[in-house]
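# Structural features, examined
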Amino acid sequence: MDNPSSVTTTLDAAAFDVDTSDGGRRRILHPVTLNLPEHRIAVIGANGSGKSTLLRLIAGLVAPSSGSVQLSPAGVRTGFIFANPQAQLIMPVVGEDIAFSLRSSITSAAQRRQRSREILDTMGLGDREESSIYDLSSGERQKVALAGVLAAEPELVLADEPTTLLDLRSTVEFTQMLMNLTPPMIVATHDLGLAARAQRVLVFDHGHLVADGPPGVAIPYYRELAGADGPASSAPER
Ligand SMILES: Nc1ncnc2c1ncn2[C@@H]1O[C@H](COP(=O)(O)OP(=O)(O)OP(=O)(O)O)[C@@H](O)[C@H]1O
């Protein structure tokens, strides 16, 4: 297999239900069985198709209603990047925010500051250490959020529509940054350019996994499904 990952995610008939206002239950992710050893995996599909739910299950942010989700090796540290970096920037100043992410791994405040500086330098944000996060552009804010996630040294990165708020140049730059990350990554995205860089693409529709394959097969299938290129053909097999 091409460039296998250090982490394998396995879902065994994992499904997720939510309570409805009338006291019932709604299945928003139908049982999905997957073995995901690839280094770069993209999850694509229409709004509401279940992509974020899948990522939240893998991250352990929610538990499956039935079935199971396992990461191997056990105890893998995950890092989650949200579409809106505002959701994960905690401190008002860039350097403080990164240092905050380091609080559990580095006890000395001076060393946290030093490490935070190094991380910002590698992201091309060395000159923004003292900036207010409110003075940053969306692209810079997304990079700071990524820096904060990387500071915790995740062994698996889960990114939920990380380029949604970015302009074309920032998207290209941020996509390259994501692709250069050392840890394996599973990214949910509407950005088919980003999905095309993955080794494997999962297509979801109405909570069902409907296609699973290399980008050259799965993305055209999704485009057809969405009506972008005419009627859909049958689902591709891996
Ligand atoms: N906690 C919840 N309670 C009720 N409904 C939920 C909950 N979480 C998700 N949903 C619904 O489940 C469906 C799938 O949501 P999910 O966020 O996984 O979709 P998505 O593919 O990530 O969508 P998008 O591309 O719009 O972000 C949606 O209809 C959403 O409204």
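This text gives an overview of the structure that appears in the document. (Residues numbered from 1 in each chain as written. Predicted model: local features only at pLDDT ≥ 70, side-chain atom pairs only at ≥ 80, totals over all residues.)

### Brief notes about the overall build of the protein chain
The cut-off we apply is this: Counting from the N terminus, the helices are DSSP H or I runs at least four residues long and the strands are E runs at least two residues long. In this treatment the radius of gyration is a C-alpha quantity, and the globule benchmark scales as 2.2 Å times the residue count to the 0.38 power. As a rule, residues whose C-beta atom has 12 or fewer other C-beta atoms within 10 Å are exposed, those with 20 or more are buried, and those in between are partly exposed; C-beta atoms are placed from the backbone. Any pair of residues counts as being in contact when their C-beta atoms, constructed from backbone geometry, are within 7 Å of one another.
Tallying secondary structure elements over the protein chain gives 7 helices and 9 strands in all. Relative to the globule expectation of 18 Å for 238 residues, the C-alpha radius of gyration of the protein chain, 19 Å, shows essentially globular dimensions. In terms of its C-alpha atoms, the protein chain occupies a principal-axis envelope of roughly 55 × 45 × 35 Å. Per-residue burial for the protein chain yields a buried fraction of 39% across its 238 residues. Sequence-distant contacts in the protein chain: of pairs separated by 6 or more residues, those separated by 24 or more amount to 64%.

### Some words on the nonpolar core
Rules: We define a nonpolar core as a collection of buried residues of the types Ala, Val, Leu, Ile, Met, Phe, Trp, Tyr and Cys that are connected via C-beta atoms lying within 7 Å of each other.
Core analysis: the biggest nonpolar cluster contains 59 residues, and Ala42, Val43, Ala147, Val187, Val201 and Val203 have the highest contact counts within it. The greatest single-element share of this core, amounting to 7 residues, is contributed by helix 4 (residues 138–151). In this structure, Val187 is in contact with Ala42, Val43, Ala159, Pro162, Leu178 and Leu194, ignoring residues within four places of it in sequence.

### Considerations on unusual backbone geometry
Following Ser72, the chain continues into Pro73 via a peptide bond in cis, with omega recorded as 5°. When you line up the elements, Pro73 lands in the loop between strand 4 (66–72) and strand 5 (78–81). In this structure, Ala13 is a non-glycine residue whose phi angle is positive, near 50°. A positive phi angle, near 50°, is found at His206, a position not held by glycine. Note on placement: His206 falls in the loop between strand 8 (200–205) and strand 9 (208–213). Judged by local crowding, His206 falls into the partly exposed class, with 13 C-beta atoms found within 10 Å.

### Quick look at the sheet that holds strand 5
Note the cut-off: One requirement defines pairing of two strands: DSSP has to find at least two bridges between them. Here the axes come from fitting lines to C-alpha atoms, over the contacting stretch only for helices, and the angles between their N-to-C directions go from 0 to 180 degrees.
Read across the open sheet, the 6 strands follow the order 5-6-7-3-8-9; overall the sheet is mixed. Only two strands of the sheet have a single partner each, and these edge strands are strand 5 and strand 9. Across this sheet, the average inter-strand angle for adjacent strands is 15°, counted without regard to direction. For strand 3 (residues 40–45) and strand 7 (residues 185–188), the ladder comprises 4 bridges, and the chain directions are parallel. By the bridge assignment, Arg40 is partnered in strand 7 with Met185.

### Some remarks on the site of the ligand
In plain terms, the rule: Contact assignment follows one rule, namely that a residue is near a molecule or strand if its backbone-placed C-beta atom lies within 6 Å of it. Lys, Arg, Asp and Glu make up the charged group, whereas Ala, Val, Leu, Ile, Met, Phe, Trp, Tyr, Cys and Pro make up the nonpolar group; the residues left over, Gly among them, are polar.
Near the ligand, the surroundings consist of Val18, Ile28, Gly45, Asn47, Gly48, Ser49, Gly50, Lys51, Ser52, Thr53 and Ala188. A per-element tally of the shell around the ligand places helix 1 (residues 51–59) first, with 3 residues. Its residues placed into classes, the shell around the ligand shows 3 nonpolar, 7 polar and 1 charged.

### Details of the environment of Pro214
As for its placement among the helices and strands, Pro214 is situated in the loop between strand 9 and helix 7 (215–225). Overall, Pro214 belongs to the partly exposed group, with 16 C-beta atoms counted inside 10 Å. Distance in space between the C-alpha atoms of Pro214 and Ile98 is 35 Å, their sequence separation being 116 residues.

### Observations concerning helix 1
Where helix 1 is concerned, the buried positions are Lys51, Thr53, Leu54, Leu55, Leu57 and Ile58. Looking at the residues trailing helix 1, positive phi occurs at Gly60, about 80°.

### Details of the packing of helix 2 (residues 94–101) against helix 4
Test applied: Between 65 and 115 degrees an angle is taken as roughly perpendicular, under 35 as roughly parallel, over 145 as roughly antiparallel, and anywhere else as oblique. Here a crossing is called left-handed whenever its near helix is offset anticlockwise from the far helix by less than a right angle, and right-handed whenever the offset is clockwise.
Contact geometry of helix 2 with helix 4 gives a least axis separation of 8 Å together with a crossing angle of 25°. Comparing their axes, helix 4 and helix 2 come out roughly parallel. Remark: the crossing between helix 2 and helix 4 carries right-handed chirality. Each of Val94, Asp97, Ile98 and Ser101 in helix 2 lies in contact with helix 4, whose residues at this interface are Val144, Ala147, Gly148 and Ala151. Residue classes in the contact of helix 2 with helix 4 are distributed as 5 nonpolar, 2 polar and 1 charged.

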